[in-house]
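The primary structure of each chain is shown beneath.
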Amino acid sequence: MKNILIVEDDTNINNLLKEALTKSGYSCDQAFSGTEAGLLLKMNAYALVLLDLMLPGISGKEVLTQIREKGSIPVIVLTAKDGLDEKVTLLTSGADDYITKPFEIQEVLARIQVQLRHASKEPEEHILSFRDLTLNRDTFQVRIGQEVLPKITKQEFAILELLLKHQKQVFSKEDIFEYAWKEPYMGETKTLDVHISNIRKKIKAVTEEEYIETVWGIGYRLHT
Amino acid sequence: MKSTFKLIRRFILILMLSLIGLVVINIVLLVGLTYRDKSNAGGWKAAGEVAEQLTGSEADGFSLTDEGRSILKERQAWAILIEDGTGNVIWNSDDLPKEVPLHYSAAEISWYTRGYIADYPTTTAARGEDLLVLGYPKDRYWKLMYPTWDYHGIVNTPKKVLVFLVVNLLCIISIYLIATSGVLRQVKPIVGGIEALPEGEAVYIREKGLLSDLATAINRVSERLRIQERELQKKEMARTNWIAGVSHDIRTPLSMVMGYAGQLEEDLSLSEENRRKAGVIRQQSIRMKNLVNDLNLASKLEYHMQSIRREMFNLVAVVRRVVVDFINADLEGKYPIEWNTSKDLEACMIEGDKELIRRAVNNLILNARIHNPKGCRIFVELKEDEQKAHIYIEDDGVGVTEEKLEEIQNKPHYLMNQGSMNKQRHGLGLLIVKQIVEVHRGSVCFGQGREGGFRVQISLEKGRG
């Protein structure tokens, strides 16, 4: 069971979070001040910290610094400020994610899951699949049924990987380009289109089925 | 600065006009005052006339005609006739003063013909071989005895006059320049100060010299403006902080409402009906949350408390990301988004705050969804021309009436209005769009969509680079 530390001075919110997290199968410790949080962090090991920034005594930012000095426990910051500026400062000062109040519990849970998955370093699933298409991250092979697609390039693999990871989602050209090429998209629409059409050709050599759907002008997603 | 030049121009005009005026006045005065004076006053001519009116000869005695007498009388003059050769007076008028000699040497004659006899100014005329001398009262003529001029002196007179005129003109102009530049030096800082006042700059003028009173007054005005500005800023700051504070304090309780409503909604032990109610509570809480967020941003933008990060970014990418987020969030497929941007337009760089622009586009698409709960198609289009990038967001939903449109376009939102809040106004979403576009010095235009819905056009300056 994953151990999560909730640092929040408002008792009601703290309890609400604990209740929701416990229900979802995490075990939780509660800290109501920065000092308390420091103590608990010394005594126990946590998989993740939910940290409110406005704390009496030692401030949330200081707690964050303490955590960062010690290691790389994922920290999700809770903030009552919605300042757009705040966002950037938070992410640069060591928080892994942030949630503005008021929040929906579903969102908190979703974000916790994301952070834990990142942190666990369990290689994300080695094999991604969609219908007959499977993608093996270890061998860098793409198969349809038993057939291995020939000569899949690094970028083509990455594009498929992104689409398969979030199967219902549309990805904008920016997203895909930046994921596959690891550099900012400056309108290289041709490059991307060529790669997509190459993937389609390679798939078509095996099956008549469409796997990649074009969302006109916007991007691509898996064909459902 | 412009006004100083105007002043100089005005001064020079006045100078020129006054010079011309002076010349005219002088000519008029000269003519007026010397109108009655005659040149030479006719003295020489009278002597000739008297000589003609003297009849007879030494042998049979001289006699002066009545006309001759009247000339003498008119001029209160006396006359003598000097004989050629002897120098004796051979005739004289009746009223000859006693001190006038009756015999003259050649030297004396040459003297008297031009000058005075016993202080009486005289003129002469020839009568045959003899000389007629006319003597006038002592205060009748002023005679200069040696009027000999250097030839060149007279020939060069026009040149000399010109030199005089030019030198005089130069003198006048330089005196004028020195005098006015002194005044201008005094006026210039004051003019500069007054011109700077509306710019809101802090103005300080040295309170010295001719116009020190004015300088003091301007300094006081500037001081006062600054104090007022500070006060205003303080008030605006207080207002923004107040709104920020309230919205901050609402967040915590709202978290609780949303959190527990969400739990109740998921709670399978509750009846369907109660879970639906919890769902309504949660959804309305989300509306409140959005409102609180919007309120804060709107007030910050209104009072320029929102810091704007300026960077070059690709507008197409930003808008497309918003669209993708909406497509991915629209699980029921009620709001299909059509991307009508030309395939050629993949990069359109503008300078501005990416996050704010994203927010504006987000608000517009959200707006279409809020106003069309039954679903609608949303069209997003980007265009660019030489200077500007345009974003069009349009839907085919319920649309707006002309009055509503007019209201959105022109009426200030209650947040910015002193008027009553009685009337229901549109939400904060569009206000924020307006404000964001405003801080980017762009323009926004709301209108009716081509397919009956609502249409918004945002135009932004393209970045240079």
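In what follows, the structure referred to is the one given above.
Residues numbered from 1 in each chain as written. Chains lettered and ligands numbered in written order. Predicted model: local features only at pLDDT ≥ 70, side-chain atom pairs only at ≥ 80, totals over all residues. Heavy atoms only, no water.

Turning our attention to the overall build of chain B. When helices and strands are tallied, chain B shows 12 helices and 14 strands. For chain B, the proportion of its 465 residues judged to be buried stands at 38%. Taking the contacts inside chain B whose residues are at least 6 apart along the sequence as the reference set, 63% of them involve residues at least 24 apart. Accessible surface, chain B: about 28,800 Å² in total, of which carbon and sulfur atoms supply 57%. (Helix = DSSP H or I, 4+ residues; strand = E, 2+ residues; numbered from the N terminus. Buried < 20%, exposed > 50% of the residue type's maximum accessible area, 1.4 Å probe, protein only. Contact = heavy atoms within 4.5 Å. Areas by Shrake-Rupley, 256 points an atom, 1.4 Å probe, with all protein chains shown as cover.)

The full count for this structure, using the stated rule, is 27 salt bridges over all chains. As a salt-bridge pair, Glu 104 of chain A and Arg 282 of chain B come within 2.5 Å of each other at their nearest N and O atoms. Of this pair, Glu 104 of chain A sits in the loop between β5 (97-100) and α5 (105-120) while Arg 282 of chain B sits in helix α8 (residues 272-302), on two different chains. We note a salt bridge from Glu 209 of chain A to Arg 131 of chain A, for which the minimum N-O separation is 3.2 Å. Within this pair, whereas Glu 209 of chain A is found in the loop between α8 (189-204) and β11 (212-215), its partner Arg 131 of chain A is found in the loop between β6 (127-130) and β7 (133-136), the two being separated by 78 residues in sequence. (Salt bridge = Lys/Arg side-chain N within 4 Å of Asp/Glu carboxyl O.)

What follows covers the interface of chain B and chain A. With 39 residues of chain B at the interface, the matching set in chain A holds 42 residues. A combined buried area of about 3,400 Å² lies between chain B and chain A, and 54% of that area is made up of carbon and sulfur atoms. When the area that chain B buries against chain A is broken down by residue, the three leading residues are Arg 251, Gln 263 and Arg 321 of chain B, summing to 16%. Applying the counting criterion to the chain B and chain A interface returns 4 salt bridges. Scanning the region where chain B abuts chain A turns up 9 residue pairs in polar contact (both at pLDDT 80 or more). Those elements that provide at least two residues to the side of chain B that touches chain A are α7 (212-266), α8, α9 (315-329) and α10 (354-371) of chain B. (Buried area = accessible area lost by both parts, 1.4 Å probe. Polar contact = N/O pair within 3.5 Å; in protein donor to acceptor, adjacent residues only side chain to side chain.)

All names here are of chain B. Applying the stated criterion across every chain, the model contains 2 cavities of 30 Å³ or more. Of the voids in this model, the second largest cavity is the one considered here, and its volume is about 30 Å³. Leu 364, Ala 368, Ile 393, Glu 394, Asp 395, Phe 454 and Val 456 together form the lining of the second largest cavity. Listed by contribution, the elements that provide at least two residues to the lining of the second largest cavity are α10, β12 (388-395) and β14 (454-461). Examining the composition of the lining of the second largest cavity, we find that 3 residues originate from one element, β12, more than from any other. Residue composition of the lining of the second largest cavity, grouped by class: 5 nonpolar, no polar and 2 charged. (1 Å grid on protein atoms, 1.4 Å probe; cavity = no way out; pocket = protein on both sides within 12 Å on 5 of 7 lines; lining within 4 Å. Points joined across faces, edges and corners; volume = space filled by probe spheres on them. Nonpolar A, V, L, I, M, F, W, Y, C, P; charged D, E, K, R; others polar.)

A separate point is the pairing of strand β3 (residues 48-52) of chain A. Residues and elements named next belong to chain A. Most of β3 sits inside the fold, with 5 of its 5 residues counted as buried. Side chains Leu 48, Leu 50 and Asp 52 of β3 all project onto a buried face; the interleaved residues Val 49 and Leu 51 project onto the opposite face, where all are buried too. Across 4 bridges, the pairing between strand β1 (residues 3-7) and β3 is parallel. Note on β3: the bridge partner recorded for Val 7 is Leu 51. Here β3 runs beside strand β4 (residues 75-79); their pairing, made up of 4 bridges, is parallel. When the bridges of β4 are listed, Leu 51 appears paired with Val 77. Remark: the β3/helix α3 (residues 60-70)/β4 crossover connection has right-handed handedness. (Pairing = 2+ DSSP bridges. Right-handed = clockwise from strand over helix to strand, strands pointing away.)

Residues Val 161, Leu 162, Leu 165, Val 166 and Leu 170 of chain B make up a contiguous nonpolar surface patch of roughly 480 Å² in combined accessible area. Mapped onto the fold, Val 166 of chain B is located in helix α6 (residues 157-196). (Patch = residues over 30% accessible without salt bridge, like charges linked within 9 Å, V, L, I, M, F, W, Y side chains within 5 Å.)

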